[in-house]
Amino acid sequence: MSLGFSVDELLPRARGGGQLKMGLVKLGGSEWLQPDPDLAARAKGFADYPEGIQLTPEGEAAGRELAAGLGVSGGLAEAACAHHEDMCLLTRAEGEEQYRLVGAAVAWPSDWTPADKMGLPLRALHAPIHGYEEQLASSVDRFMEKLKPGPIYGRANWFIAATPDMRWDAQPPRLAFAHVTPQNAGETLFVRSERQSLRRLPRTGAILFAIGIYVAPLAGLSHGNVRRLADAMQSLLDGEGERRGAGAFAPALISYARARQQEAGR
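This write-up is about the structure you can find in this document.

Right, let's talk about the overall build of the protein chain for a bit. What the protein chain contains, in helices and strands, is 13 helices and eight strands. Across the 266 residues of the protein chain, 48% fall into the buried class. Accessible surface computed for the protein chain: about 12,400 Å², of which carbon and sulfur atoms make up 51%.

Now for the environment of E60. Mapped onto the fold, E60 is located in helix α3 (residues 60-69). With 16 residues separating them along the chain, E60 and L76 place their C-alpha atoms 7.8 Å apart.

The next thing to look at is the pairing of strand β8 (residues 207-217). Most of β8 sits inside the fold, with eight of its 11 residues counted as buried. Across five bridges, the pairing between strand β3 (residues 86-91) and β8 is antiparallel. Residue D86 lies in a different strand from β8, and its bridge partner there is I211. Sheet topology places strand β7 (residues 190-200) next to β8; 11 bridges connect them, and they run antiparallel. Counted as the bridge partner of E194 is I213 from β8. The hairpin formed by β7 and β8 contains six residues between the paired strands, and G205 there has a positive phi angle of roughly 80°.

A few words on the packing of helix α11 (residues 223-233) against helix α13 (residues 246-264). Geometrically, a packed helix pair is captured by the angle between its two axes and the distance between the axes. At their nearest, the axes of α11 and α13 sit 9 Å apart, and the two run at 145° to each other. Considering only the axes of α11 and α13, their crossing is left-handed. Residues H223, V226, R227, L229, A230 and M233 of α11 lie in contact with α13, whose contacting residues are F249, A250, L253, I254, Y256, A257, R260, Q261 and A264. Partitioned by chemical class, the residues of the contact of α11 with α13 number 11 nonpolar, two polar and two charged.

Quick look at the pattern of salt bridges now. Side chains that differ in charge, positive against negative, can pair when their charged atoms come close. For the structure shown, the criterion picks out six salt bridges. As a salt-bridge pair, E58 and R100 come within 3.5 Å of each other at their nearest N and O atoms. One end of the pair, E58, is in the loop between β2 (53-55) and α3; the other, R100, is in strand β4 (residues 100-105), with 42 residues separating them in the sequence. By relative accessible area, R100 is classed as buried at 15%. Measuring nitrogen to oxygen at the nearest pair gives 3.0 Å for the salt bridge that ties D169 to R167. One salt-bridge network, in which partners are shared between bridges, spans E58, E96 and R100.

For the rest of this paragraph, the subject is the pairing of β3. By the criterion of burial, β3 is predominantly enclosed, with six of the six residues buried. For β3 and β4, the ladder comprises five bridges, and the chain directions are antiparallel. Opposite T91, over in β4, you have R100 as the bridge partner.

Cut-offs used in this document
Throughout this document, residue positions are counted from 1 along each chain, in the order its sequence is written. Where local features are concerned, this predicted model is filtered to residues with pLDDT of at least 70; where side-chain atom pairs are given and counted, the filter is 80 or more; whole-chain, interface and lining totals use all residues. Only hydrogens and water are set aside; all other atoms, that is, all heavy atoms of the structure, feed into the side-chain values. A run of H or I in DSSP counts as a helix once it spans at least four residues, and a run of E counts as a strand once it spans at least two, with each numbered from the N terminus. Throughout, exposure labels follow a simple rule: accessible area from a 1.4 Å probe, protein chains only, divided by the maximum for the residue type, with under 20% read as buried, over 50% as exposed, and the rest as partly exposed. Surface accessibility in these figures is a Shrake-Rupley result with a 1.4 Å probe; residues are shielded only by whichever protein chains are displayed. A pair of strands counts as paired when DSSP detects no fewer than two bridges linking them. Geometry is summarised by axes, namely lines fitted to C-alpha atoms with helices restricted to the contacting stretch, and by angles between N-to-C directions that run from 0 to 180 degrees. Whether a crossing is left-handed or right-handed is set by the direction in which the near helix is turned from the far one by less than a right angle, anticlockwise for left-handed and clockwise for right-handed. It only takes one pair of heavy atoms within 4.5 Å for two residues to be counted as in contact. Residues are grouped as follows: Ala, Val, Leu, Ile, Met, Phe, Trp, Tyr, Cys and Pro are nonpolar; Asp, Glu, Lys and Arg are charged; every other residue, Gly included, is polar. Put simply, a salt bridge is a Lys or Arg side-chain nitrogen that is within 4 Å of an Asp or Glu carboxyl oxygen.

Nothing here speaks to function; it is geometry throughout.
Here it is in C-alpha cells:
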C-alpha cells in the first residue's frame, strides 16, 4: 500500500485526531524514498542549516552502512544529501531498554533541534507529544524490538503552519497566525506533512527513521482533504490541540472549509 509523495496523497493516511496510533503501512522498495529528489534544494537546506547534521560515535558505522546501501560514498550526511528525506539513526546498546537517537541529518526539521535530541531514548524524544507515554510508547517499543531487516514500514502525520518554508521554526501560535482570517486562510495556512518510514539496517542492526517533508497551501488541497482537516479540528485530544496551536487557526480553517464547500455546491 503506497502512501504517496504529496500532502494530498498523505493526508488520508494520517491520523486526524483521537487515540494516538502508529498507523503503519508496509511499503515496497520502490515506495520507500521519493524517486525524484530536488538535490539542489537538499544542498541548500543543509547549507542553510549545517547544525542539522549530528552524529555520535555510536552512529558512525550505521551511517556508513546506510550510505553504502544507497550507493552513496560517505556516511549519514551524504546519504541524506542525496535523497529528499531527512534521516535519523537509532541504536540500542546491550542492556538498554530503549532505542536512542545516535545520528541525524535533518535539513528540514519540524520545530525541533537535532542537537537537543542526540542521545535521548525514544520516550524522551517524544515527550512533547501529548499522550505518547500513555497511549503509544509501549507499542512503539515493541515494534522497534521486533523489526527485522528487509521490511519497510511507513506512516504520515500533518501539522498546520503559517509558512511554506521547508524548515519550520514554529513561532508562538498567536503571533504566527495573527494575520489569518477565514477569507485568506486558503493562502495563509499551509499543511505540512511528514512521510515517515522505518527499516532496520542488516549489518549494524540500527534503525533508520526517514522523514520526507511535504508542504502545500490549504487552498491547493482537494475538497475532501480540506473537509478532513476541518473535522480534525473538532476531535484533537485535549492538550494536543494546544501543542499544535489549534486555537489560533482552527476557527479560520473551519470557516474557510465551510465557505469552500458552499461554493462547490453552487
